[in-house]
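Fold and contact review
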Amino acid sequence: MENYVCPVCNEALERDLMVFLKHTDHHIIEVVLKEHPKWGHQDGICQECLDYYKKTLGHEPYHDEA
Ligand SMILES: [Zn+2]
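Residues numbered from 1 in each chain as written. Predicted model: local features only at pLDDT ≥ 70, side-chain atom pairs only at ≥ 80, totals over all residues.

**Quick look at the overall build of the protein**
The helix and strand inventory of the protein stands at 2 helices and 4 strands. Walking the protein from its N terminus toward its C terminus, one meets helices and strands in the order β-β-β-α-β-α. Out of the 66 residues in the protein, the part that is buried amounts to 8%. (Helix = DSSP H or I, 4+ residues; strand = E, 2+ residues; numbered from the N terminus. Buried ≥ 20, exposed ≤ 12 C-beta atoms within 10 Å, placed from the backbone.)

And the structure:
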């Protein structure tokens, strides 16, 4: 079975469990890149990391210009 290693937390997981971030998740992508400058959103992320970064964003005041 082919495993995927999350570039953010280095956890090995089944490839099915990886998540690709969309362009609309750019605010999440920016936060991940701050901590992992070599990561690219096309590399994907695991669900656990995605939840973690979503929570991190929830603690910051978010001003939507729209
Ligand atoms: Zn991860």
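**Regarding the nonpolar core**
If you look at the biggest cluster of nonpolar residues, it comprises 5 residues: C6, V32, I45, C46 and Y53. Once you skip the residues sitting within four places of it in the chain, C6 turns out to touch E11, L13, I45, C46 and C49. (Core = buried A, V, L, I, M, F, W, Y, C linked by C-beta atoms within 7 Å. Contact = placed C-beta atoms within 7 Å.)

**Let's talk about unusual backbone geometry**
Residues apart from glycine generally show negative phi values, whereas peptide bonds are mostly found in trans. Despite not being glycine, N10 has its phi angle at roughly 60 degrees, a positive value. Relative to the elements of secondary structure, N10 occurs in the loop between β1 (3–5) and β2 (12–14).

**Quick look at the packing of helix α1 (residues 26–35) against helix α2 (residues 47–58)**
Their axes nearest at 10 Å, the elements α1 and α2 cross at an angle of 100 degrees. Taken together, the axes of α1 and α2 are roughly perpendicular relative to one another. Where α1 approaches α2, its residues H27, I28, V31 and V32 are matched on the opposing element by Y53, K54, T56 and L57. Taken together, the residues of the contact of α1 with α2 break down into 5 nonpolar, 2 polar and 1 charged. (Axes fitted to C-alpha atoms, helices over the stretch in contact; angles between N-to-C directions. Parallel < 35°, antiparallel > 145°, perpendicular 65-115°, else oblique. Nonpolar A, V, L, I, M, F, W, Y, C, P; charged D, E, K, R; others polar.)

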